[in-house]
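# Geometric and topological summary
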Amino acid sequence: MIRVDLTDGRELTEADIKRSGALPREVMDAAEAIVDDVRANGDAAVRAYCEKFDGSCPTAFRVPDELLDAAPSMVDEQFLSSLRLAHDQIRAFHEREVSQSMFTTRADGTLLGVKVTPLPSVGIYVPGGRAQYPSTVLMNAVPAKVAGVRRIVMVTPPQRDGSLSAYTLAAAKVAGVDEVYAVGGAQAVAALAYGTESIPRVAKITGPGNAYVAAAKRYVMGDVGIDMVAGPSEVCVLADASADPVVVAADLMAQAEHDPMATCYLVTDALALADAVEAAAERLAAQSPREQITRKSLEHGVIVTCDTLNAAVAAVNVVAPEHLELHCEDAMALLGSIENAGAIFVGPWSSEPLGDYVAGPNHTLPTGGTAKFSNPLGVYDFVKRSSVISYTPAGLAADGPAVQAIAQSEGLWAHALSVGLRRKLAEAGEERFADAEAACEGAMRTAWPRDLDAPGVPYLPGYGKEA
C-alpha cells in the first residue's frame, strides 16, 4: 500500500490520494457510440453487442416469469432465509424515509405545498461478471417498491452458456421485481433509456456496473434519470491504537476483493498499527480465493499516518469515502466530526459487510469523493416532487406589487402584466374582464405602475468612474 505521512502537521490533499477522476474519454466515446446505435436500431443493435461482448445472445431478452418464479426453489434454504431477513430489514429501514405530500396556508388563504408522486418505472442494472450480486437487487428494488414505483425492471447479463444466477433471480423474486431482461453492458442502459422493440423504456436507471455502464448512464442522463455515476468501490478505516490489526486488514480486504480498481484507505494516528495491518493483510491475502484481485487492489491502497486523531479525522473528510469504519476507542464521539462519508460504521463490531447485506441502510453509495455532495440511494430517489401554489385575491394583493417590481428590474414586462391584470380584477371584485379591448388599454402602466428609481452603478476597481 502507498504511504502518506502527515505526522509533520501537513494536511491531506487530493493529490496525495491520486484518484483517477472522470471516466476516460475513450470509454465515454465507446459507450456513446453503443447508446446511439441502440437508440437508432433497437433490438438488432442490442443483439449485435451482446454477441460481441458476452459471446452469446438469448433468443428473447425477457426472462420467462416461470423461471423467475422457480428461482427461490433453486437456492440453498439458508441463503433464501438470509435473503428474506435482509429484505425485511432493508424494507423496514426505507419505510422510515417515506415523505408525504405537504401543504400549508397563509392567513390570506394562499395555499403552498409539495405533491409527492412515485416514478412510474425504474430500471435496475445488476452486474453479472466477476461475481453475482443478489444484494444489489434488494438495495435497488426495495426502496423503489416502498416509494410506490409501479413497474420495476431488472437487466443483468447472462453467461456465455445462456445461464443466469439463481441467487440474483431469487433476489428479484423476493424483492418483487416485475420484469427481468437478460442483457448487460452499455447496450442495456441504452435499451432502458430509449426503449427497443422488446424492452420498454423506463423513467430512471439505478444500479452499479463497469466503466462502460457508468459512461452510458452519464450519457443518457437528462433523457432519463439516473441515481449516480458510480466508480470503483472504496473503504476507509479510521483507527487508533485500540484497533485490532487483523480485523482492520480483513475489512480493507472486504473492499479490495471486489475489483482490482477498488481502493482501500487506512487513516491512523498509530504508526505501529499501520505496519501490523499491512503484515496481517499479507498473511490473509495468501489464503483468499480472490487473492489476485485483492492484491492488485491493495497495491494502490493508501495508508495515511497522522500525529493526532483530530488530524486523522480531517484527512478522512478529504477522502470522503464511500464506506467509513471507525475503529477507535470512543468511536461514537467522533461521529459529529465526520462531514463526508457515504456510510459510517461506528465501532469495532460494525463490519462494513453488515451494511452491504442486512443492516438496512442502502449500500448504493457515492464513490470517488462524491460523498462531499451526494447521498446514499433511498426512497427519495424514486419519487418526484411537484410544487403546489394556489393564491387567493387577498394573497395576490399582498405579493403582487413585489412581483411587479422585481419583474420590472429584470425587464420582463409580461411577467409584471400577468400580475397587474389580476390585481385590477381583484380590486374590481371581478373574475374576468367584461370588455377585453378596454382591459388592454394602458397595459404599460398596468404592468409597471411606477418607474423604478435608477440604480447606482457599482464599478469594479480600475473601471468606470474610478479609472
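Since this is a predicted model, take the numbers as computed values, not measurements. (Residues numbered from 1 in each chain as written. Predicted model: local features only at pLDDT ≥ 70, side-chain atom pairs only at ≥ 80, totals over all residues. Heavy atoms only, no water.)

### Remarks on the packing of aromatic side chains
Using the following cut-off: Aromatic pairing here means that ring centres of Phe, Tyr or Trp (its six-membered ring) are within 6.5 Å. Orientation follows from the plane angle: under 30 degrees is stacked, over 60 is edge-to-face, and everything else is tilted. A run of DSSP states H or I qualifies as a helix once it reaches four residues; a run of E qualifies as a strand once it reaches two. Both are numbered from the N-terminal end. Put simply, a charge is over a ring when the Lys NZ or the Arg CZ is close to the ring centre, within 6 Å, and near the line of the ring normal, within 35 degrees.
For the structure on display, the rule yields two aromatic pairs. Where Tyr49 meets Phe53, the ring centres are 6.0 Å apart and the plane angle is 5 degrees; that geometry is what we call stacked. Pair noted here: Tyr49 and Phe53 are both in helix H3 (residues 43-54), with a separation of four residues, about one helical turn. Ring centres 4.5 Å apart and planes at 55 degrees place the aromatic pair Phe79 and Tyr167 in the tilted group. In this pair, Phe79 sits in helix H5 (residues 77-95) while Tyr167 sits in helix H7 (residues 166-175), placing the two residues 88 residues apart along the sequence. The ring of Phe61 is capped by Arg47, whose NZ or CZ atom sits 4.6 Å from the centre of that ring.

### Things to note about the packing of helix H16 (residues 393-409) against helix H17 (residues 413-428)
Put simply, the rule reads: Structural elements are reduced to axes, namely lines fitted to C-alpha atoms, with helices fitted over the stretch in contact, and the angle between N-to-C directions of any two is expressed from 0 to 180 degrees. In these notes the angle categories are as follows: under 35 degrees is roughly parallel, over 145 is roughly antiparallel, 65 to 115 is roughly perpendicular, and the rest is oblique. When the near helix sits turned anticlockwise from the far one by under a right angle, the crossing is termed left-handed; a clockwise turn instead gives a right-handed crossing. Here, residues are in contact when the closest pair of their heavy atoms is within 4.5 Å.
Across the interface, H16 lies against H17 with an axial gap of 9 Å and an inter-helix angle of 150 degrees. The angle between H16 and H17 falls in the class roughly antiparallel. The hand of the H16/H17 crossing is left-handed. Touching Pro393, Leu396, Gly400, Pro401, Val403, Gln404 and Ala407 of H16 are His415, Ala416, Val419, Gly420, Arg422, Arg423 and Ala426, all from H17.

### Quick notes on the pairing of strand E12 (residues 323-327)
Filter applied, for reference: For every residue, the accessible area (1.4 Å probe, protein chains only) is compared with the maximum for its type, and the residue is labelled buried under 20%, exposed over 50%, or partly exposed between those bounds. Note on pairing: DSSP must find at least two bridges between two strands before they are called paired.
The element E12 is largely enclosed, with a buried count of five among its five residues. Both faces of E12 are covered, namely the face carrying His323, Glu325 and His327 and the face carrying Leu324 and Leu326. Bridge count for strand E9 (residues 234-239) against E12 is five bridges, and the pairing is parallel. Directly across from Leu238, in E12, lies its bridge partner Leu326. Pairing analysis gives four bridges linking E12 to strand E13 (residues 343-346), with the strands arranged parallel. If you follow Glu325 over to E13, its bridge partner there is Phe345.

### Side note on the pattern of salt bridges
Selection rule: In the sections that follow, a salt bridge refers to a side-chain nitrogen of Lys or Arg positioned within 4 Å of a carboxyl oxygen of Asp or Glu.
All chains considered together, the criterion is met by 19 salt bridges. Note that Arg39 is salt-bridged to Asp223, the shortest N-O span being 3.8 Å. One end of the pair, Arg39, is in helix H2 (residues 25-41); the other, Asp223, is in the loop between helix H9 (211-220) and strand E8 (225-226), with 184 residues separating them in the sequence. The shortest N-O distance in the salt bridge between Asp381 and Lys204 comes to 3.8 Å. With Asp381 in the loop between helix H15 (352-357) and strand E14 (383-390) and Lys204 in strand E7 (residues 204-206), this residue pair connects regions lying 177 residues apart in the sequence. In this structure Lys204 comes out as buried when scored by relative accessible area, which is 11%. Linked through salt bridges whose partners overlap, the residues forming this network are Glu14, Arg19, Glu234 and Lys372.

### Focus on H2
To keep it simple, the criterion reads: An expected span of 1.5 Å times one less than the residue number is assigned to each helix. The directions considered for the arc are those from the helix axis to the C-beta atoms.
For H2, spanning 17 residues, the distance from its first C-alpha to its last is 24 Å, which sits close to the expected 24 Å at 1.5 Å a residue. All of the buried residues in H2 are Val27, Met28, Ala31, Glu32, Ile34, Val35 and Val38. End-on, the buried residues of H2 take up no more than an arc of 165 degrees, which puts them together on one face. Away from the buried face of H2 by more than 90 degrees, exposed residues Glu26 and Ala40 are located. Among the residues trailing H2, Gly42 stands out with phi positive, at a value near 60 degrees.

### Things to note about unusual backbone geometry
Backbone geometry at Lys18 places phi at a positive 50 degrees, although glycine is not the residue there. Residue placement: Lys18 occurs in the loop between helix H1 (14-17) and H2. The phi angle at Ala320 is positive, at roughly 50 degrees, despite the residue not being glycine. Following the sequence through the fold, Ala320 ends up in the loop between helix H13 (309-319) and E12. Owing to a relative accessible area of 0%, Ala320 belongs among the buried residues under this scheme.

### Some remarks on a nonpolar patch on the surface
Here is the rule we go by: Patch rule: a residue counts if its relative accessible area is over 30% and it has no salt bridge; like charges are joined within 9 Å, and nonpolar side chains (Val, Leu, Ile, Met, Phe, Trp, Tyr) within 5 Å. Computed by Shrake-Rupley with a 1.4 Å probe, the accessible areas treat only the displayed protein chains as cover when residues are assessed.
Together, Val457, Tyr459, Leu460 and Tyr463 make up an exposed nonpolar region whose accessible area comes to about 460 Å². Among the secondary structure elements, Val457 is positioned in the segment after helix H19 (443-447).

### A closer look at the pairing of E9
Basically, it comes down to this: For crossovers, right-handed means that the path from the first strand over the helix to the second runs clockwise, given strands pointing away from the viewer.
Most of E9 sits inside the fold, with six of its six residues counted as buried. Along E9, one buried face is formed by Glu234, Cys236 and Leu238 and the opposite face, lined by Val235, Val237 and Ala239, is buried too. With six bridges joining them, E9 and strand E10 (residues 263-268) adopt parallel strand pairing. Looking at E10, one finds that Ala239 is bridged to Thr268. With helix H10 (residues 245-256) bridging E9 and the parallel E10, this β-α-β connection has right-handed handedness.

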